[in-house]
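Listed below, chain by chain, are the residues.
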Amino acid sequence: MKDKAGFLDYLIILIIGIILLYPIIWMFMAAFKSNEEIFGTVALFPNKWLFKNFVEGWKGSAGYTYTRFFANTALMVFPTTILTLISSTLVAYGFARFEFPFKKLLFTILLAMMMLPNTVVIIPRYMLYNRFQWIDSYMPFYAPALLCCNSFFPYMLIQFLRGIPRDLDESAYIDGCGTFKTLIEILLPLMKPALFSAGLFQFLWTYNDYFNSLIFVNSVRKYPISLAVRMSLDSESVVQWGKVMAMACVAVLPLMILFFAAQKYFVEGIATSGMKN
């Protein structure tokens, strides 16, 4: 009876998983089809596998290939992720381990900032960055990351740090470590799951960010992959959907590899951060 119940559980999970993955599977199969086959049949598998969609799609548009767009994405995403982890770790360490004036008030403001929608601040941010002459550059992504403007990440790391015993800090102080050395040599190795989770979140959000990229990046030569895929819809009078789907598959592939490679740390970091009070 127990084996039957377990089989049904796995069967339900399998069915739900197939339903959720079907759009991605369809996108991958559509990358090998022509327009006529995409719109003329409901069959999942193509009658003729058109590998040229990937070759033609990689050529990009406006004189730039997807090699350039992926390089732009890396130039935007990696520094943003690294700066976010550094600034969020320092802020979280301060809130979790030290006492200072107005700590509770500042922590309340930190939590309140999590509820502030991006649409409320996009106009003043644009005006500020325009005055700094940062428009059409990646500074609108670097600067908020450096200044820890996304309060979700420090809050997540604060919750994780609260679960690490303070005895470790006190032992490090007795051994002659200062506050910064304690953070680097004692706490950071223990924070690895939370840091992986925060880094993965920031990487995914920045990589997929279409709205902010559209607002702050104007030159095609600086387009990240999110804008490049959208631009392919406007570059031709008749959209070749096979090429669009091919490049969408290529764009999604790094995220899927990263998620499955770091899944262990991602789940562990989310679970441990969520359990702390």
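The structure contained in this document is the topic of the report that follows. (Residues numbered from 1 in each chain as written. Predicted model: local features only at pLDDT ≥ 70, side-chain atom pairs only at ≥ 80, totals over all residues. Heavy atoms only, no water.)

We now examine the overall build of the chain. A tally of regular secondary structure across the chain gives 15 helices and zero strands. Taken along the three principal axes of its C-alpha coordinates, the chain extends 70 × 70 × 35 Å. Split into buried and exposed, the 277 residues of the chain put 40% on the buried side. Contacts in the chain between residues at least 24 apart in sequence constitute 73% of all its contacts with a sequence separation of at least 6. Total accessible area computed for the chain in this model is approximately 16300 Å², and 70% of it derives from carbon and sulfur atoms. (Helix = DSSP H or I, 4+ residues; strand = E, 2+ residues; numbered from the N terminus. Buried < 20%, exposed > 50% of the residue type's maximum accessible area, 1.4 Å probe, protein only. Contact = heavy atoms within 4.5 Å. Areas by Shrake-Rupley, 256 points an atom, 1.4 Å probe, with all protein chains shown as cover.)

Moving on: the pattern of salt bridges. Enumeration according to the criterion identifies three salt bridges in this entry. Of the charged contacts in the structure, one is a salt bridge between E56 and K59, with a shortest N-O distance of 3.4 Å. Judged by its relative accessible area of 34%, E56 is partly exposed. D169 is paired through a salt bridge with R97; the nearest N and O atoms lie 2.8 Å apart. Placement of the pair is D169 in helix α9 (residues 167-174) and R97 in helix α4 (residues 66-97), with a sequence separation of 72 residues. R97 matches D169 in its accessibility class, with the two residues each being buried. (Salt bridge = Lys/Arg side-chain N within 4 Å of Asp/Glu carboxyl O.)

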